[in-house]
Amino acid sequence: MKLSRRKFLGGAVAAASSITLFNFNLLTGSPSASAADQPSEAMKTFRNVCPRNCYDTCGMITYVQDGILKKVEGDPKHGYTNGKLCLKGYAYPRRVYSPDRIKYPMKQTPRGSGNWTRISWDEAMDTIAKKILDLKQRYGSTLPICLDKYSGNFGIVHYGIEGTMSSIGYTTRAVGTPCWPAGIDAQTYDFGTLYSNDPEDMVNAKYLILWGQNAAWTAIHSFPFINKARERGAKLVVIDPILTSTASKADLYIQVNPSTDGALALGMARYIIDNNWVDWEYARANSIGFDEWVDYIKKEVTLDWASEKTGVPKDIIMEIAREYATAKPASMWVGYGMQRHTNGGQNVRIIDALGVMTGNVGKSGGGVNYGHLETWGFNYNAMVNAAPKGSKGFIGPDGKEGDRAINMNNFAHDVSAQSDPPVKMLWLACRNPGAQDPDTNAIEKMFASMEFVVTVDSFFNKTVEMSDIVLPATTHFEDWDVMASYWHYWIGINERAIDPLYESKSDVEIAIELSKKLNALEPGSCTFPTSGTPEEWLAKEFNPGIHQMLGIEDYKELIDGPRKANMPAASWSDGKFRTPSKKIEIHCELAEKNGLPALPIWVEEMKTPEKYPIRFMTPHPQHALHSQFQNLDWMMTANPEPKVEIHPVLAAKYGIAEGNMVKVYNDLGSITVKAHLTRTTSLNVIVSYESWYKNSNFNVNYTLKAIPSDMGKQATGNDGLAFHDNFVMIEKA
Amino acid sequence: MSKQLGFLHNSEKCVGCRGCEMACKNEYQIDATPQWRKVFQLHEEDFSLPTRMFFSMACNHCANPECLRVCPVEAYTKRDDGIVVHDPNRCIGCRLCTMACPYDRPQINPAKKKVEKCNLCYQRIDNGEQPACVAACIPGALELVEINDTLDQKTGVLKTLPGLPSPKLTTPSIRFIGPKQGKQIRRD
Amino acid sequence: MGDWEWPLILFTVLGQIAIGIIVMLWWLDRDRDHLDTQLFKKGVYVSGGLLILALLASLFHLGHPEAAYRALAHLGSSWLSREILLFLLTFLAWINLFGMSRRQTSSRAIGAGAATITTAEIAAGGQQSGNRSLGLGITSVLGLLGIASSAMIYVLPRVPAWNNVGPVLFFLLTTGLLGALVTLVLGRKLLHPAQKKLLLQWSLGCTIASLLFYVIYASMLSASMEGAASLNFLLSSPLFWARALLGWFAPLLLLVNLLKNSQVAKTNLILTLTLLAGLGEVLGRALFYLSATGIQITALF
Ligand code: SF4
Ligand code: SF4
Ligand code: SF4
């Protein structure tokens, strides 16, 4: 029987909830509210934390009545997000009760046909378990099974997804992070790890540079702190190839040539040296190789060169160099956009060095702030499971047996390249490579070559469309979890506010089901524990370190409100760097060993190919977080269709007018999207914000090559992706 | 003159984050189509330099509400504090108010076939709370204010912005603080 | 730009024809012997039928027609409330006419059996006739006020194209033109040639006035941005030119022709003329809604 997904819409639960959710009597206070409409229960509130891949990781208060989520609010006890959410946060009720949610396990026959049939959890688990055992038998190991999990839900208990794989044996794993690894490595080489100041400490800055960072869209809760600093007299400088909403608010906006941020920082450094605004004392006492770098600059860097390279006039470089070096303290926030280039990590290293040279590292109100993982010291209990006895693994170059790591950032290629044994089955959770990976055509081809694909998700996205079985995931309102941020210092608990809707299960619950099934079919084939309530699983993530950091004795104390880690406001204020030398390594041997320059010197940016002279930038959207949120009806009304921003001069050259459909293409692929003419972008850069729109094939990654950024291997296992070195041609469609 | 509540929107502070828009939807779980509050982007041609500048607008609780005047069922009432309340229980969906309001703020809900609009969260106000949109605005760009001469005499307080209908039509209870542009170093 | 407001188009045009017929009957009845009883009956029936259709059509415009009665609630300032009230009163007045038409003695065919009519009958007939005229008059006045209220609904400060005498004028002209033409059709066998001629002349007057006023109105539109947008929309719309052809130029030609050649008896031509003018008015009304451009927020979103 051919069952369309639509058949499952408007189930009893959805109908009931939408009726109760929309209650006009609430508005009018009219006495006409019938008895049936009377809520039988007082409003309850729960604490939740937004688990998305986002700087702000907001504390939320969830209002629940009669088991139905009525609305969400910000948690006023959260000192950074301060009782407010962003537009995505406020759209959550629509995500929970979306008629498009995946409600039951379903199978698609054949894959890609859209012919979905509802199946029971038992059938789903049976099919999956048998496939796993079959592959293990055919290939002698579970290595043909490949996991791709990343940032769909950053809750700590969600590392149970990795745990699911560990518990069945050694598997193939997509390793790396697409978003920010070049910058992570840069800070790892320089300081030993990434470790940013408390963002609330930005209020103490006398000068603020947001470098390739669009806080208005991606970290809106930082604005009160930025504004506070400005009220106290700080100047806000935004450096970005795109005049973003954040840049529009700046005292000074600098439209830098993409990928030349390092040259700008070097030009500034040169001027700072020339005027002897260098904090020699700090730099020499805390770093190694500083003088060597100064010599390099004196020899190789001129303001004329920097100006030529970056497109920024000399006097402006001089102005910001003077202001940055003399306003003490001065803070820099390095965004993730600026490191998505083939020289991105190197550019971050140069900016780091600029911070060191002016003595802004380790200072309150200062810092070269990129992100941190200081508050992530949980047990990852759900993640660690021993492989079943007798499991055969992959022998790595170091001779150790274990999982087989492949590059997350070249996933399609790397999956296909495996031969001993080949990858035959994919398990996807918290990840949507169909929308987010480079070279979408290659992804589609690779998926088509698989024997079996399982995806855990909440919506029928592009990856689900390419799967055999989809398992319905809970939303974070239906789970127990704990969330830390890679930006602020707060940690919050996430309560189960409502029961899991339909037949959805959390990743750990899925692992438990799978373990039961596998062990029933072949005793001993899975080590994942088969007991424990969701709250018990959460409890197992805490340890004395976390307790101490948060000043609590029991995780339950977090139910009273999120806690801020007990850490100094300024990172590195103790001067204890985590590099091999324990100092800031301006000269970094580890970098050199990894084939990179030892010093933060200029590395040429990727050259624009002649055939494809236009840079296609695809930054983070406003109404979505990657492929999450934009498909919801509220978002589709607010932002109904994708656009590509084109400078009017460039548009005129190709005969493109406002609202025309434009074909954006290169040798890899193409997309067609509506033009919006605006001078917020620069002459040779077009911009379209990545997103997954409902009922749309729009996907910015069709033209994106899997070109690696220069760094990432050291700390994250693989180099990043040069997302913003995407070159294309345009024509009127 | 009696009291008139309204909004003060500061385009200098507003970053166009659209939090207010969604906070409103969240508060009342409004269906997708009617947008009680909406954030608009000003045309960059209206500025000396290109820019992304915004204003956020819901019902303006006008002193001369056209919606109220034309509505045949008296679904609209003006409270003593100036809030123009629309009662969907009375609405028969004639859509006349949607034609009459220059701000397109009363909108038809196609599923319910009735009009809806912002009622300035009067229940929240009556409880001593801020409207949901105001409470949600992170940079503090949106305020609930009393519209009066004292406000209008403050420097920088504007009655309209480019791209808005003339306030003469309905005397809207909204005031603005105009956008401010910084310096730009551009390559075009 | 507006939408295809079918319920409103039908309601206004049909309602205006209905009332136009009554107005014409009243006019023809100004001297009691002029209005043929048969025509009176026919006119009242057709007018009533159209009025009911119009009111039904108007319900389709509402999201909640079941609660339409509530529309009477805001007579203080809502022209829509006033319109509904006046139309309801018109309908009541029509019911009275209907009753009258049922009671009215059969037509006194000219010259047939005159001798058998008693004085009492003549007196009764005279009495009937007087009531009839009064009934028609009251219905006409209420109906015309209703139409004016209909038009006033659209006099919105927000819509420059409507915020003037245009709506009232054009709604009344439609009433006059289509009322006269439909009455002509209904009375094609019952009207005296002189009456026919009068009605045709009246129609010609309405058409010329409509065209003239439209030209003046159009030239006024360009004064505001939104008005100019409306005008632009009109001039570039093929519908508008169809409307001009069907509703103005063709009727003008036909009317002049009919009057000049004294072909007042040519039923086919009159039918064609009525059809064309009717279509023209329907298109015109559709365009009235379609071309409405309100003053609005022009910022991006
Ligand atoms: S903004 Fe529109 S809906 Fe609100 S009071 Fe004014 S006219 Fe009425
Ligand atoms: S005042 Fe309340 S109803 Fe009006 S826009 Fe704000 S949140 Fe929405
Ligand atoms: S929430 Fe505030 S800053 Fe954001 S769009 Fe609304 S008014 Fe502007």
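Rules used throughout
Within every chain, residues take consecutive numbers counted from 1 along the sequence as written. Each chain is given a letter, starting from A, and each ligand a number, starting from 1, according to the order in which they appear as written. pLDDT decides what is reported in this predicted model: residues at 70 or higher carry local features, side-chain atom pairs at 80 or more are listed and counted, and totals for whole chains, interfaces and linings draw on all residues regardless. Water and hydrogen atoms were dropped before computing side-chain values, which therefore reflect all heavy atoms in the structure. The way it works is that DSSP assigns letters per residue, a run of H or I at least four long becomes a helix, a run of E at least two long becomes a strand, and they are numbered from the N terminus. We take the radius of gyration over the C-alpha atoms and set the globule estimate at 2.2 Å times the residue count to the 0.38 power. We call two residues in contact when some of their heavy atoms are within 4.5 Å. For every accessible area listed, the method is Shrake-Rupley and the probe measures 1.4 Å; residues are considered covered only by the protein chains on display. In summary, the charge assignment counts Lys and Arg as positive and Asp and Glu as negative, without counting His or the chain termini. Note on charges: their place is set at NZ of Lys, CZ of Arg, CG of Asp or CD of Glu. A residue's pLDDT is simply how confident the predictor is in it, with values from 0 to 100. By this rule the span expected of a helix is its residue count minus one, scaled by 1.5 Å. Burial classes follow relative accessibility: with a 1.4 Å probe on protein chains only, a residue under 20% of its type's maximum area counts as buried, one over 50% as exposed, and anything between as partly exposed. UniProt positions are given in the numbering used here, feature names are shortened, and annotations may be inferred rather than shown by experiment. What makes a residue near a molecule or strand is one non-hydrogen atom of that residue sitting within 4 Å of it. Each residue gets one of three labels, nonpolar for Ala, Val, Leu, Ile, Met, Phe, Trp, Tyr, Cys and Pro, charged for Asp, Glu, Lys and Arg, and polar for the others, Gly among them. In this analysis the probe radius is 1.4 Å and the grid spacing 1 Å, with only protein atoms considered; a cavity is a set of points the probe fits into but cannot get out of, a pocket is an open set with protein on both sides within 12 Å along at least five of seven lines, and lining residues have an atom within 4 Å of a point. Grid points are joined across faces, edges and corners, and a volume is the space filled by probe spheres set on the points. In this entry, domain limits derive from an automatic or database-based domain assignment. Throughout this description, a polar contact denotes any pair of N or O atoms lying within 3.5 Å of each other; where both atoms belong to protein, one of them has to be capable of donating a hydrogen while the other can accept it, and for residues adjacent in sequence the pair is counted only when both atoms sit in side chains. Two strands form a pair only when DSSP identifies at least two bridges running between them. Note on definitions: angles span 0 to 180 degrees between N-to-C directions of axes, and those axes are lines fitted to C-alpha atoms, for helices only across the stretch in contact. Two joining distances apply to patches: 9 Å for like charges and 5 Å for nonpolar side chains (Val, Leu, Ile, Met, Phe, Trp, Tyr), and every residue must have over 30% relative accessible area and no salt bridge. By definition here, a salt bridge exists when the distance from a side-chain nitrogen of Lys or Arg to a carboxyl oxygen of Asp or Glu is within 4 Å. Reported buried area values correspond to the accessible surface (1.4 Å probe) lost by two parts on association, with both partners' losses combined. Two aromatic rings, drawn from Phe, Tyr or Trp (for Trp, its six-membered ring), form a pair once their centres lie within 6.5 Å of each other, and the interplanar angle then sorts them: stacked below 30 degrees, edge-to-face above 60, tilted otherwise. The rule is short: NZ of Lys or CZ of Arg within 6 Å of the ring centre and within 35 degrees of the ring normal puts a charge over the ring.

Each helix and strand in chain A was counted, giving 26 helices and 29 strands. Taken over the C-alpha trace, chain A has a radius of gyration of 26 Å; the compact-globule value for 733 residues is 27 Å, and the two agree within 12%. Along the three orthogonal principal directions, the C-alpha set of chain A runs to about 75 × 70 × 65 Å. Relative to all contacts within chain A whose residues are 6 or more apart in sequence, the contacts with residues 24 or more apart total 75%. With the model as given, the accessible surface of chain A reaches about 24500 Å², and the carbon-plus-sulfur share is 52%. Side chains of chain A give 75 positive and 82 negative charges; the mean places of these two sets differ by 3 Å.

Now for the confidence of the model for chain C. All names here are of chain C. Per-residue confidence for chain C gives a mean pLDDT of 87, with 89% of residues at or over 70. Here residues 107–115 scores under 50 on pLDDT; set against residues more than four positions off or in separate chains, the count is six contacts. Reported confidences for the modelled complex are a pTM of 0.91 and an ipTM of 0.96.

Moving on: helix H10 (residues 261–274) of chain A. Residue and element names in this part refer to chain A. Its 14 residues place the ends of H10 20 Å apart at the C-alpha level, agreeing with the 20 Å of an ideal helix rising 1.5 Å per residue. The element H10 is extensively covered by neighbouring structure, given that 13 of its 14 residues are classed as buried. Looking one or two residues past H10, Asn-276 carries a phi angle of roughly 50°, positive in sign.

On the UniProt side, "domain: 4Fe-4S Mo/W bis-MGD-type" (unreviewed entry) is annotated at positions that read residues 43–100 of chain A here. Annotation note: span residues 43–100 of chain A, helix share 16%, strand share 34%, distance between end C-alpha atoms 27 Å.

Residues and elements named next belong to chain B. Residues in contact with ligand 2 amount to 13 residues; listed here are only the nearest, Cys-24, Arg-37, Cys-118, Cys-121 and Cys-133. Those elements giving two or more residues to the shell around ligand 2 turn out to be helix H1 (19–28) and helix H5 (132–136). Class assignment of the residues belonging to the shell around ligand 2 gives a composition of eleven nonpolar, one polar and one charged.

Residue and element names in this part refer to chain A. For the structure on display, the rule yields 17 cavities of 30 Å³ or more. By volume, the largest cavity amounts to about 610 Å³. If you trace the largest cavity, you find 46 residues lining it, with Gly-152, Cys-430, His-626, Ser-627 and Gln-628 closest to the centre. Those elements that provide at least two residues to the lining of the largest cavity are helix H4 (92–96) and strand S18 (452–457). Among the residues making up the lining of the largest cavity, the classes are represented as 16 nonpolar, 20 polar and ten charged. Space inside the second largest cavity adds up to approximately 510 Å³. Of the residues belonging to the lining of the second largest cavity, the class tally is 19 nonpolar, 13 polar and five charged.

Residue and element names in this part refer to chain C. Each assigned domain of chain C is listed here: domain 1 (1–153) and domain 2 (160–301). At the junction of the two partners, domain 1 supplies 35 residues and domain 2 supplies 34 residues. Across the domain 1-domain 2 interface, the total number found is three residue pairs in polar contact (both at pLDDT 80 or more). Of all the secondary structure elements, the ones that give two or more residues to the side of domain 1 that touches domain 2 are helix H1 (6–28), helix H2 (37–61) and helix H4 (119–153). Element by element, the count of residues in the side of domain 1 that touches domain 2 is highest for H1, at 14 residues.

The next subject is the sheet that holds strand S3 (residues 68–74) of chain A. Residue and element names in this part refer to chain A. Within the open sheet, the three strands sit side by side as S1-S2-S3. Their pairing is antiparallel. With partners counted over all chains shown, the strands left at the sheet margins are strand S1 (44–49) and S3, one partner each. Strand-to-strand twist of the sheet, defined as the mean angle between neighbouring strand axes without regard to direction, takes the value 30°. Of the pairings in the sheet, the one linking S1 to strand S2 (residues 59–65) comprises six bridges and is antiparallel in character. The residue bridging Phe-46 from the neighbouring strand is Thr-62, located in S2.

This part takes up the sheet that holds strand S8 (residues 207–211) of chain A. What holds strands together in a sheet is hydrogen bonding between their backbones, with the strands either parallel or antiparallel. Taken together, six strands build an open sheet; the order of strands is S13(A)-S12(A)-S8(A)-S9(A)-S10(A)-S11(B) and the sheet is parallel. One side of each edge strand has no neighbouring strand; the edge strands of this open sheet are strand S13 (368–369) of chain A together with strand S11 (183–185) of chain B. In this structure, S8(A) lies alongside strand S9 (residues 235–239) of chain A, joined through five bridges in parallel fashion. Each bridged residue has a counterpart across the sheet, and for A:Tyr207 the counterpart in S9(A) is A:Lys235. Each of S8 and S9 of chain A is contacted by H10(A), which is oriented at about 155° to S8(A), the strand it contacts most.

Turning our attention to the site of ligand 1. Taken together, B:Cys59, B:Asn60, B:His61, B:Cys62, B:Pro65, B:Glu66, B:Cys67, B:Val84, B:Cys101, B:Tyr103, B:Pro106 and B:Lys117 form the complete shell of residues around ligand 1. Grouping the constituent residues of the shell around ligand 1 by class yields eight nonpolar, two polar and two charged.

As a further point, take a nonpolar patch on the surface. Residue and element names in this part refer to chain C. Taken together, the side chains of Leu-75, Leu-85, Leu-89, Leu-92 and Ile-95 present a nonpolar region at the surface, about 380 Å² in accessible area. With respect to the secondary-structure elements, Ile-95 resides in helix H3 (residues 79–103). A relative accessible area of 41% places Ile-95 in the partly exposed class.

A few words now on the interface of chain A and chain B. When the parts come together, some accessible area is lost, and that loss is often what is quoted as the size of the interface. In this assembly, 64 residues from chain A lie in contact with 50 residues from chain B. Contact between chain A and chain B buries roughly 4700 Å² in total, counting both sides, with carbon and sulfur atoms accounting for 53%. Taken together, chain A and chain B are joined by six salt bridges. Residues B:Lys183 and A:Glu319 are paired through a salt bridge, measuring 3.1 Å at the closest nitrogen-oxygen approach.

Looking now at the pairing of strand S1 (residues 5–10) of chain B. All names here are of chain B. When you tally the buried positions in S1, you get six out of six residues, the bulk of the element. Of the two faces of S1, the one holding Leu-5, Phe-7 and His-9 and the one holding Gly-6, Leu-8 and Asn-10 are both buried throughout. As paired strands, S1 and strand S10 (residues 174–177) are joined by four bridges and run parallel to one another. When the bridges of S10 are listed, His-9 appears paired with Phe-176.

Our focus in this paragraph is the packing of aromatic side chains. All names here are of chain A. By the definition in use, this model includes 55 aromatic pairs over all chains. Between Tyr-55 and Tyr-336, the aromatic rings sit 5.0 Å apart at their centres with planes inclined by 5°, giving stacked as the arrangement. Here Tyr-55 is found in the loop between S1 and S2, whereas its partner Tyr-336 is found in the loop between strand S12 (330–334) and helix H15 (344–357), with 281 residues between them in sequence. Of the two residues, Tyr-55 and Tyr-336, both sit in the buried class. Taken together, a centroid distance of 5.7 Å and an interplanar angle of 75° make the contact between Trp-280 and Phe-290 edge-to-face. Here Trp-280 is found in helix H11 (residues 280–286), whereas its partner Phe-290 is found in helix H12 (residues 290–300), with ten residues between them in sequence. On the accessibility criterion, Trp-280 (23% relative accessible area) is partly exposed. Grouping aromatic residues by their ring pairs yields a cluster made of Tyr-55, Tyr-150, Phe-154, Trp-180, Trp-333, Tyr-336, Tyr-370, Trp-376, Tyr-486 and Trp-487. One residue, Lys-71, lies across the ring of Tyr-63, its end atom 4.9 Å from the ring centre.

Here we take up the side chain of C:Ser101. All names here are of chain C. With respect to the helices, strands and loops of the structure, Ser-101 is situated in helix H3. Polar side-chain contacts of Ser-101 include one of 2.7 Å to the backbone oxygen of Phe-98. Filtering out sequence-adjacent residues up to four positions away, Ser-101 remains in contact with Phe-40, Lys-41, Val-44 and Tyr-45.

Looking now at the side chain of A:Asn53. All names here are of chain A. Following the sequence through the fold, Asn-53 ends up in the loop between S1 and S2. The exposure class assigned to Asn-53 is buried, which follows from its relative accessible area of 8%. For Asn-53, the side chain forms a polar contact with the side chain of Ser-151, separated by 3.0 Å. A distance of 2.7 Å separates a polar atom in the side chain of Asn-53 from a polar atom in the side chain of Tyr-486. Discounting chain neighbours no more than four positions away, the residues touching Asn-53 are Tyr-150, Ser-151, Phe-154, Cys-179, Tyr-486, Leu-625 and His-626.

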